[in-house]
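Survey of secondary and tertiary structure
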Amino acid sequence: MSLQENADLSQLNSFGFSSKAQYLIDVYSDNELVEAVSFAEQHDLPLLVIGGGSNLILSDYLPGVVVRLQSTGYRKVSEDDASVLVEAEAGENWHQLVEQFIAEGWSGLENLALIPGTVGAAPVQNIGAYGVEIKDRFEALTAYDREEKVFVDLASSDCQFGYRNSVFKSKNPGRYIITRVRFRLSKCFVPTVGYGALTQQLADDEVTARSVFDAVVAVRQSKLPDPLELGNAGSFFENPVIPRAQYDVLKAHHPDVVAYPDRPGFMKVAAGWLIDQAGWKGYRAGAVGVYDKQALVLVNYGGGCADELMALASAIQHSVSERYGVELVPEPRRYPLSV
Ligand SMILES: Cc1cc2nc3c(=O)[nH]c(=O)nc-3n(C[C@H](O)[C@H](O)[C@H](O)COP(=O)(O)OP(=O)(O)OC[C@H]3O[C@@H](n4cnc5c(N)ncnc54)[C@H](O)[C@@H]3O)c2cc1C
């Protein structure tokens, strides 16, 4: 394991905020992970696991220990005629792994191409895009349970996956450190291409896992800023899920509201539409702002910080709540948590 003191995290968060950690520990094995956790406990320090930093809002200083899982690789666990069970290490780059699986002839994750970050973080908010969430292809994971001090296997039901949510994000944040994730992938490609932009992009192509992967990459590149060029964390707010009765009132006042049926009795409203209609698209407040092509994405033009971003987020939340009576919840979490 390698330990750095006063470590620079500005390259380790996709907003590109200037941030330092008291300690940054890179771990390459289960044993090293246990050592890193013990180090934090012995010194009574808070511990944060970081993957690619693409769903975090980092303050300028993080007291305590930031742990980065560097284990990579994947292996076939078992297979039958129709499917394959594959286990991937937490430190694997998500997008590259999805591409590698397609090259192996294993499909199911192609709609999740180009989501930045690592395999270990993917279950945390049950990443999703274009009609697929990882819970749909998920079999189980292995994690270090910091409470019981043992490695545990968790099945889908243990993870309590929901829309951009899981036990790791809301119920027990910080308790489990995910070390390996197992996916059930298909040997016979079944497309999920119900989304307008994706269908259009695929119009002239033969629909294969590779062509869906390429179409997803093309659509995302046309809509979302590349964090290497413009700091961001993708969609900043979750799409609010509201009761049908509240939606009916909203629709009566705003007939063009964009929303989709969710679970029975609920509608999922497009947060981007609410923010756009409230007049925020392209708005800039100092070094941070709302992306001019997609109102759901907040950006750092350079030199911004977490406080500035959170002030902007809170102004947007307030304005949307006043105008539409709908509460927006940020998708990324701010660290340290106590700020
Ligand atoms: C341009 C852009 C587009 C995006 N598009 C999407 C999208 O379409 N859909 C979507 O769902 N998300 C999207 N995201 C958000 C983000 O990519 C995902 O949430 C991703 O899974 C985060 O991975 P990460 O490794 O960067 O995690 P980090 O940001 O480093 O961490 C996120 C959270 O997971 C925890 N964590 C990280 N690794 C582990 C681990 N091994 N064990 C336990 N906890 C861990 C962290 O402590 C933190 O709470 C996008 C982000 C960007 C910048």
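Here the structure is a predicted model, which is why all the values come from computation and not from measurement.

Across the junction of Tyr335 and Pro336, the peptide omega takes the value -5°, indicating a cis bond. Within the secondary structure, Pro336 sits in the segment after strand S20 (333–335). Here the phi dihedral of Asp44 falls at roughly 55°; this positive angle occurs in a residue that is not glycine. Take Asp44: it is sitting in the loop between helix H1 (30–42) and strand S3 (47–50).

As annotated by UniProt and renumbered to match this structure, "active site" (unreviewed entry) occupies Arg164, Ser235 and Glu331. Over a stretch of 168 residues, the named residues converge on one spot in the fold, their C-alpha atoms separated by at most 11.0 Å. Within the secondary structure, Arg164 sits in the loop between helix H3 (156–159) and helix H4 (167–171). A relative accessible area of 15% places Arg164 in the buried class. Here Gly128 takes part through its backbone oxygen, which lies 3.0 Å from a polar atom of the side chain of Arg164. Checked against the element boundaries, Glu331 lands in the loop between helix H9 (306–324) and S20. In this structure Glu331 touches Asn55, Gln125, Arg164, Lys169, Ser235, Phe236, Phe237 and Glu238, once residues within four positions along its chain are discounted.

This part takes up the pairing of strand S19 (residues 297–300). Side-chain alternation along S19 places Val297 and Val299 on one buried face and Leu298 and Asn300 on a second face that is also buried. As paired elements, strand S13 (residues 231–235) and S19 share three bridges and run antiparallel to each other. Of the residues in S19, the one forming a bridge with Gly231 is Asn300. Looking at chain direction, strand S18 (residues 288–290) and S19 are connected through three bridges and run antiparallel. What sits directly across from Val290, in S19, is Leu298. Remark: six residues form the turn of the hairpin made by S18 and S19, two consecutive strands paired antiparallel.

Quick look at the site of the ligand now. The ligand sits among 33 residues. The nearest are Val49, Gly51, Ser54, Asn55 and Tyr335. One nitrogen or oxygen atom from the side chain of Ser54 is found 2.6 Å from an oxygen atom belonging to the ligand. Within the side chain of Arg164, an N or O atom sits 3.4 Å from an oxygen atom of the ligand. Considered on its own, the ligand offers 970 Å² of accessible surface; in the complex 92% of this is hidden by protein. Residue assignment for the shell around the ligand shows that the elements contributing at least two residues are S3, strand S8 (128–129), strand S12 (176–186) and S13.

Reading the values: the criteria
- Residues numbered from 1 in each chain as written.
- Predicted model: local features only at pLDDT ≥ 70, side-chain atom pairs only at ≥ 80, totals over all residues.
- Heavy atoms only, no water.
- Helix = DSSP H or I, 4+ residues; strand = E, 2+ residues; numbered from the N terminus.
- UniProt positions renumbered as here; feature names shortened; annotations may be inferred.
- Buried < 20%, exposed > 50% of the residue type's maximum accessible area, 1.4 Å probe, protein only.
- Polar contact = N/O pair within 3.5 Å; in protein donor to acceptor, adjacent residues only side chain to side chain.
- Contact = heavy atoms within 4.5 Å.
- Pairing = 2+ DSSP bridges.
- Near = heavy atom within 4 Å.
- Areas by Shrake-Rupley, 256 points an atom, 1.4 Å probe, with all protein chains shown as cover.

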